[in-house]
Amino acid sequence: MVLPTRESAWESPLAEAEIKEGIMAIHWPNNTRSWAPEVRKVVRELERLYDVHCYTYPNHGRPGERWSIDIPVAPLGQSANAKQRALGERVMKRAVLRWRGWGLDYIIWQNRMKEAKDSNWFNYEPYAFKWPFGSRDPQTRRHRDHVHLSCIRGFTFHPPSR
């Protein structure tokens, strides 16, 4: 099996993945990479650490602007398998640790939502199908194929302390 290179994978609308260390870096067509400058810094950190390819789209997240990030760990509409879910868990745990530095407002992953660093996770199901934008697919709506991060509008990125 011939896998696409990183460059060619993002050029083809049908390309889904590139394998690196057994983890799939997923490409979702019809999304954008147009974020506010501070959010782009969060994206750069995520993509450097986890070999993922992040996306956004118009009217994304609560602010409805360029402040939200989707981190696909499985093909669009497919529930993450064990390896993909482990990647999503690593991304989610990093996001909780970097909550203030990344200016996070909330995280959604595996049909659970967290609205503050020190708050408990809660069931996202009552909200999964109320959002008028984004994919209509049930697995995607429940965030079973991607981690969703939403940053506070106007935050200032703080790099990790060394």
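Calculation criteria
- Residues numbered from 1 in each chain as written.
- Predicted model: local features only at pLDDT ≥ 70, side-chain atom pairs only at ≥ 80, totals over all residues.
- Heavy atoms only, no water.
- pLDDT = per-residue confidence, 0-100.
- Contact = heavy atoms within 4.5 Å.
- Core = buried A, V, L, I, M, F, W, Y, C linked by side-chain atoms within 4.5 Å.
- Buried < 20%, exposed > 50% of the residue type's maximum accessible area, 1.4 Å probe, protein only.
- Helix = DSSP H or I, 4+ residues; strand = E, 2+ residues; numbered from the N terminus.
- Axes fitted to C-alpha atoms, helices over the stretch in contact; angles between N-to-C directions.
- Parallel < 35°, antiparallel > 145°, perpendicular 65-115°, else oblique.
- Left-handed = near helix turned anticlockwise from the far one by under 90°.
- Nonpolar A, V, L, I, M, F, W, Y, C, P; charged D, E, K, R; others polar.
- 1 Å grid on protein atoms, 1.4 Å probe; cavity = no way out; pocket = protein on both sides within 12 Å on 5 of 7 lines; lining within 4 Å.
- Points joined across faces, edges and corners; volume = space filled by probe spheres on them.

A. Looking closely at the confidence of the model for the chain. In the predicted model, the chain carries a mean pLDDT of 83, and the fraction of residues at 70 or more is 82%. The low-confidence segment residues 1-24 (pLDDT under 50) makes 36 contacts with residues lying over four places distant or belonging to another chain.

B. Layout of the nonpolar core. Ranked by internal contacts, the top residues of the largest apolar core, which has 30 residues, are Val39, Leu46, Ile69, Ile71, Ile107 and Leu149. Breaking this core down by element, the ones donating at least two residues are α2 (37-50), β3 (68-72), α3 (82-97), β4 (104-109) and β7 (146-151). Setting aside its immediate chain neighbours within four residues, valine 39 contacts Arg66, Trp67, Ile69, Cys151 and Phe155. Of all hydrophobic cores here, the second largest spans 5 residues; its members include Tyr106, Ile108, Tyr124 and Ala128.

C. Spatial organisation of the packing of α2 against α3. In the contact formed by α2 and α3, the axes pass within 12 Å of each other and the chain directions differ by 140°. Considering their axes alone, α2 and α3 lie oblique with respect to each other. In the packing of α2 onto α3, the handedness of the crossing is right-handed. Two secondary-structure elements touch here, α2 through Glu45, Leu46, Leu49 and Tyr50 and α3 through Leu87, Arg90, Val91 and Arg94. Here the residues of the contact of α2 with α3 are counted per class, giving 5 nonpolar, no polar and 3 charged.

D. Main features of the layout of surface pockets. In this structure, the largest pocket encloses a volume near 540 Å³. As for the largest pocket, its lining consists of 28 residues, of which Tyr57, Trp131, Phe133, Arg141 and His143 are closest to the centre. Among the secondary structure elements, those contributing two or more residues to the lining of the largest pocket are β4, α4 (138-141) and β7. Class assignment for the residues of the lining of the largest pocket results in 13 nonpolar, 10 polar and 5 charged.

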